[in-house]
Amino acid sequence: EGIKPILIKNSPSRFKNPHTVPKLKKIQINRGLGLAAQNTNILKKNIEEFENITGQKPLITRAKKAIAGFKIRENMELGLSVTLRGEKMYAFLTKLLFFTFAQIRDFRGLSLRSFDKAGNYTFGLKEQLIFPEVNYDDVDQTQGFTISIILEQSS
């Protein structure tokens, strides 16, 4: 039926109330493109890549204010962001755990230090080629992204 009964059975002192068991709320996937986002071809390829990987169109993140030292202007396109919830979230997580991590060479697991104070887990991937949806021939340059798994906890 899921992992909830297993968590309650394995640590009954921690989860006396079944409502205190953490639940997945959403998965946030981000990629910073920097000044490369000014090139519309690179931006379009990245958007298409995100759509293939997540099954959802990404939101283009823009600069909030201008920073002259970094040559960034206000409202300049800088990155991509996708928030997955519901069925798409569970489908992506299953694909990530069972297929994608198997593609990583010398994979030794994920670090336990990546949890923040709220119990959310964040990790980065160095390249997009580990996803089965990405065609090797279509990739001009390898780019990584950050994946945040946000949990909902009532303590």
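This one's a predicted model, so the numbers in the text were calculated from it and none came from an experiment.

**Focus: the side chain of glutamine 143**
Note on placement: glutamine 143 falls in the loop between β4 (121–125) and β5 (145–152). A distance of 3.5 Å separates the side chain of glutamine 143 from the side chain of asparagine 46, its partner in a polar contact. Apart from residues no more than four positions distant in its own chain, glutamine 143 is found in contact with Arg31, Leu33, Asn46, Lys126, Glu127 and Gln128.

**Looking at the side chain of lysine 95**
Mapped onto the elements of the fold, lysine 95 is located in helix α3 (residues 86–103). Residue lysine 95 is classed as buried on the basis of its relative accessible area of 15%. Discounting chain neighbours no more than four positions away, the residues touching lysine 95 are Ile53, Thr100, Phe131 and Glu133.

**Let's talk about the confidence of the model for the chain**
For the chain, the average pLDDT comes to 82, and 97% of its residues sit at 70 or higher. Per-element mean pLDDT across the chain ranges from 83 in helix α1 (residues 4–10) up to 89 in strand β1 (residues 23–32).

Rules behind the numbers
Residues numbered from 1 in each chain as written. Predicted model: local features only at pLDDT ≥ 70, side-chain atom pairs only at ≥ 80, totals over all residues. Heavy atoms only, no water. Helix = DSSP H or I, 4+ residues; strand = E, 2+ residues; numbered from the N terminus. Polar contact = N/O pair within 3.5 Å; in protein donor to acceptor, adjacent residues only side chain to side chain. Contact = heavy atoms within 4.5 Å. Buried < 20%, exposed > 50% of the residue type's maximum accessible area, 1.4 Å probe, protein only. pLDDT = per-residue confidence, 0-100.

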